[in-house]
Amino acid sequence: NFTCLMASVAAKNLLARKGVESSLYIGVQFEASMKNDQKNFRAHSWLKSGSFVVVGGEEITSYKVITVYD
């Protein structure tokens, strides 16, 4: 199974070979747990070329961007 990070990096490399600029985003999300008063941590990555999301576009609005690789 491919992870979102693996798919984003692979797509970034493929686009770079064609001379297409893209940006790799890594974001995090925290969800409160009802069981033990802790927060669950989730991470997600996606790739954008301009304003178009190439890979990993599902639910990106619920993640806080922590870094971007151009």
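Residues numbered from 1 in each chain as written. Predicted model: local features only at pLDDT ≥ 70, side-chain atom pairs only at ≥ 80, totals over all residues. Heavy atoms only, no water.

Overview of helix α1 (residues 4-17)
Argument step 1. Here α1 spans 20 Å end to end across 14 residues, near enough to the 20 Å set by a 1.5 Å rise per residue.
Argument step 2. Along α1, the residues classified as buried are Ser 8, Ala 11, Lys 12 and Leu 15. Relative to the axis of α1, the buried residues are bounded by an arc of 105° and lie together on one face. Residues Leu 14 and Arg 17 are exposed on α1 and point more than 90 degrees away from its buried face. (Helix = DSSP H or I, 4+ residues; strand = E, 2+ residues; numbered from the N terminus. Expected span 1.5 Å × (residues − 1). Buried < 20%, exposed > 50% of the residue type's maximum accessible area, 1.4 Å probe, protein only. Arc of directions from axis to C-beta.)

Examining the pairing of strand β2 (residues 39-49)
Argument step 1. Here three bridges tie β2 to strand β3 (residues 52-55), and the two strands are oriented antiparallel to one another. Note that in β3 the partner of Ser 49 across the bridge is Phe 52.
Argument step 2. Where β2 folds back on β3, the antiparallel hairpin that results is connected by two residues, among which Gly 50 adopts a positive phi of roughly 65°. (Pairing = 2+ DSSP bridges.)

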